[in-house]
Amino acid sequence: MKILRLLLGAGLCAATAATLQAQSPTWKEVTASDGTTYAINTDGSLWAWGWNEVGQLGIDSKTPEKTSVPQRMGTADNWKTIAGGKGYAFFIDNDGALWAVGTNEFGVQGANDSATTHNVLTRIGTDSDWDFVAAAHFNEYVGIARKTDGTLWAWGRGNSGLLGDGTLKDSAPVPQQIGTDKDWKTVSIGATHVLALKEDGTLWGWGWNTHDCLMDAKDPKSGSYVVKTPVQLSTDTEWDIIFAVNEASYAIKKDGTLWTWGDNTENLLGLNSTADEDGEYPRVIQPTQITALTGKALAVSGCENTRTVGIGDGGVITAVYAWGSNRAGALGDDKATDATTGTYSYTPVKVLLPEGVTYTELSSGQLYSAVLADDGKIYGWGINMAGQMGNYVSDAALAAVGTGFPVIFFFSSLFMGLSTGGTVVISQFYGAGQMDRVHDAVDTIYAAFLRLILPMTALAMLAAKPLLHVLQVDETAMDEALTYLLVVCGGLIGTVGYNFNAGILNGLGNSRTTLLFLSIAAGLNIVLDLVLVLVIPL
């Protein structure tokens, strides 16, 4: 498996959807946070991969800073649900206990301690009646959870009114109840506002009403746009699913229609609005239906610059659409150019997921998304800078490929130089019609190949480790760098053999045969990659 990981390498982004897990474990839940992916295995165990700079992987260390290799969090196997934020996450187990991990800015861990981070799962209080939890998407440090009695509780940063307690306090280090109502169904947290649903299908909200993310709501006491306690946003009772992101709001009605309002300054709501002569897009104060999508909306997610929606029926997602920035392939349409820039799509485009596969969950982090398939596989697309795709490429493996390059380049260049010289000599004799000298040159090239290849291959393999030390390769990457280098050196016979024969054929003016062999080799390489990854898999 180590060899396979080294040879496959890893890109920084995935422009089209790909299976996140090469080893095909079976998952029952997945959540994409700011830059870390969390998942629950069907055996109830909890795993994470991606960024770990503030200990959000929960592995009792901030090292490695990032990883694409799923890390198990703790030893428990009774996990129920996950919510991921910016460098932190919350979890509820089957016993109803609430847990947190990662940064503790503004007391977002709810643990009422002075720690700046928690590198291991840390329990929030002692209550065992938690049922649902939400984290902010993605630029705030707030948690809100529901108990089994239908009450809502909040903790973390409160200066935007997100705590819903009638204050703008800097932070609340422990969960505190929001009002006295006991009929809350679900909640979603943006950067400045909160959306919440009650069991009767009514829509509520609170927080800082910037860009009309809370429609035209004002604080019932002060009349300001900082709404410090929950207020009902509409009289409609058909709301079913809600999603707050940044300063925008989305909601799905029971009939599957998708509605939006709030910040549309970048034309990002999905309405494909027309700008006025000053380049300004119209305000969207009241819920407006997104009509560019056909079919019933079952899930909505997204980040600051990209939005995603799952379409299907009967609780089964059959297609995913995305719009906004396509940086690093965030739209999953195979049209991204690189990891730093990307064009915008103001109308939904279809994510290129595998045909015939259905999904039960959709979750988006910053510029990447993940879906959970019915068969327990996770598919993802977008940025992979920290290993968010979970494609089992460790930092050591990435370093191994780079650090061994100078050694590989030296030996490859040596043999390519010999083959190029043979091409020049043969082409001169062939052009002059001196066929006897052509035969002598071919014999000399083959003799040189047979006499040099085995000793040079052995020399390369014996010198590999000393050369890596000369190059001052870090010890953490040494083992995998050496393995990678030995594998490549072992393939020198085939590589050099091709170059020598290509040199002879090119010197005789026969580049067609060279191209044919190269095409066959490339096709065989693709087939072997697919077999090793998808069929075996290693």
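Refer to the structure above for everything that follows.
Residues numbered from 1 in each chain as written. Predicted model: local features only at pLDDT ≥ 70, side-chain atom pairs only at ≥ 80, totals over all residues. Heavy atoms only, no water.

Colleague: Tell me about the sheet that holds strand β14 (residues 184–189), and please be specific about residues and values.
Modeller: The strand order β14-β15-β16-β17 describes an open sheet built from four strands, whose pairing is antiparallel. Edge positions in the open sheet fall to β14 and β17 (226–232), since each of these has one partner strand only. On average, each strand axis in the sheet is inclined to that of its neighbour by 10°, with strand direction left out of account. (Pairing = 2+ DSSP bridges. Helix = DSSP H or I, 4+ residues; strand = E, 2+ residues; numbered from the N terminus. Axes fitted to C-alpha atoms, helices over the stretch in contact; angles between N-to-C directions.)

Colleague: Pulling in residues and values, what's your account of the nonpolar core?
Modeller: Formed by 64 residues in total, the largest nonpolar core has its most connected members in F90, I144, W206, Y250 and L258. The element contributing the most residues to this core is strand β18 (residues 239–245), with five residues. Once you skip the residues sitting within four places of it in the chain, L258 turns out to touch Y250, A251, I252, T288, Q289, I290, L293, A297, V300, V309 and W323. One finds I445, A464, L482 and L485 within the second-largest nonpolar core, a separate group that totals 20 residues. (Core = buried A, V, L, I, M, F, W, Y, C linked by side-chain atoms within 4.5 Å. Buried < 20%, exposed > 50% of the residue type's maximum accessible area, 1.4 Å probe, protein only. Contact = heavy atoms within 4.5 Å.)

Colleague: How would you sum up the environment of V351? Please name residues and give values.
Modeller: Looking at the secondary structure, you find V351 in the loop between β25 (344–350) and β26 (359–365). Overall, V351 belongs to the buried group, its relative accessible area being 2%. V351 sits 43 residues away from T308 along the chain, and the two C-alpha atoms are 9.2 Å apart.

Colleague: With reference to specific residues and values, describe the pairing of β14.
Modeller: Of all six residues in β14, five are buried; the element is thus mostly enclosed. Looking at chain direction, β14 and strand β15 (residues 193–198) are connected through five bridges and run antiparallel. The residue of β15 that forms the bridge with V187 is A196. The antiparallel pairing of β14 with β15 creates a hairpin that spans three residues between the two strands.

Colleague: Give a detailed account of the environment of D240, specifying residues and quantitative values.
Modeller: Within the secondary structure, D240 is located in strand β18. Note: C-alpha distance between D240 and G256 (16 residues apart in sequence) is 8.7 Å. Sequence-distant contacts of D240, defined by excluding residues within four places in its chain, comprise K185, L197, I252, K253 and K254.

Colleague: Please provide a residue-by-residue account of helix α4 (residues 435–470), values included.
Modeller: The largest bend in α4 comes to about 50°, at A464, with the proline P466 one to four residues further on. Looking only at α4, the buried set comprises V438, A441, V442, I445, F449, I453, M456, T457, A460, A463, A464 and L468. (Bend = angle between axes of the 7 residues up to and from the residue.)

Colleague: Which residues make up the sheet that holds strand β11 (residues 142–147), and what are the values?
Modeller: If you walk across this open sheet you meet the four strands as β10-β11-β12-β13, and the pairing is antiparallel. Either end of the sheet is taken by a strand with one partner, and the two such strands are β10 (130–135) and β13 (171–177). Strand-to-strand twist across the sheet, computed as the mean angle between neighbouring axes with direction ignored, equals 15°. For β10 and β11, the ladder comprises five bridges, and the chain directions are antiparallel. Paired with A134 across the strands is I144, a residue of β11.

Colleague: Explain helix α6 (residues 492–507) to me, using residue names and the numbers behind them.
Modeller: Along its 16 residues, α6 runs 22 Å from first to last C-alpha, staying within 8% of the 22 Å computed at 1.5 Å per residue. Among the residues of α6, L492, V496, G497, N499, F500, A502, G503, I504 and G507 are the ones counted as buried. One or two steps after α6, the chain reaches G509, where phi turns positive at roughly 80°. (Expected span 1.5 Å × (residues − 1).)

Colleague: Can you tell me about the side chain of T151, naming the residues and giving the values?
Modeller: Relative to the helices and strands, T151 is located in the loop between β11 and β12 (152–157). Overall, T151 belongs to the buried group, its relative accessible area being 2%. At 2.8 Å, the side chain of T151 and the side chain of W153 are in polar contact. For T151, the residues in contact, after removing those within four places along its chain, are A145, R146, Q177, D181, K182 and W184. (Polar contact = N/O pair within 3.5 Å; in protein donor to acceptor, adjacent residues only side chain to side chain.)

Colleague: Give me the lowdown on a negative patch on the surface, citing residues and values where you can.
Modeller: On the surface, a cluster of negative charge is contributed by D276, E277, D278 and E280. Judged by relative accessible area, E277 falls into the exposed class, the value being 81%. (Patch = residues over 30% accessible without salt bridge, like charges linked within 9 Å, V, L, I, M, F, W, Y side chains within 5 Å. Areas by Shrake-Rupley, 256 points an atom, 1.4 Å probe, with all protein chains shown as cover. Salt bridge = Lys/Arg side-chain N within 4 Å of Asp/Glu carboxyl O. Lys, Arg positive; Asp, Glu negative; His and termini not counted. Charge placed at Lys NZ, Arg CZ, Asp CG, Glu CD.)

Colleague: Break down the packing of aromatic side chains for me, with residues and values.
Modeller: Per the stated rule, a full pass over the model turns up 17 aromatic pairs. Every member of this aromatic cluster is reached through a ring pair, and the members are Y88, F90, F106, W130, Y141, W153 and W155. The ring of F106 has R157 sitting right over it, with the charged end atom 4.3 Å from the ring centre. (Phe/Tyr/Trp six-rings, centres within 6.5 Å; stacked < 30°, edge-to-face > 60°. Lys NZ or Arg CZ within 6 Å of the ring centre and 35° of its normal.)

Colleague: Could you give an account of the packing of α4 against α6, with specific residues and numbers?
Modeller: Where α4 meets α6, the closest approach of the two axes is 10 Å, and the angle between their N-to-C directions is 160°. On the basis of their axis angle, the class for α4 and α6 is roughly antiparallel. The chirality of how α4 crosses α6 is right-handed. Taken together, the residues of α6 that come into contact with α4 (itself represented by V442, I445, Y446, F449, I453, L454, T457 and A460) are L492, I493, V496, G497, F500, N501 and I504. (Parallel < 35°, antiparallel > 145°, perpendicular 65-115°, else oblique. Left-handed = near helix turned anticlockwise from the far one by under 90°.)

Colleague: Explain the pattern of salt bridges residue by residue, including any values.
Modeller: Applying the stated criterion across every chain, the model contains 13 salt bridges. Where salt bridges share partners, they join K80, D131 and R146 into one cluster.

Colleague: Could you give an account of the pairing of β12, with specific residues and numbers?
Modeller: Within β12, five of the six residues are buried, which leaves the element mostly enclosed by the surrounding structure. Inspection of the sheet shows β11 paired to β12 by five bridges, in the antiparallel sense. Pairing of R146 across the sheet is with L152, part of β12. Relative to β13, β12 is paired through four bridges, and the arrangement is antiparallel. Residue pairing for β13: G156 is matched across the bridge by A172.

Colleague: Which residues make up the environment of V300, and what values do they have?
Modeller: Tracing the backbone shows V300 in strand β22 (residues 296–302). In this structure, the C-alpha to C-alpha distance between V300 and L362, residues 62 residues apart in sequence, is 7.4 Å. Not counting the four nearest positions on each side in its chain, V300 is found in contact with F243, Y250, I252, L258, T308 and V309.

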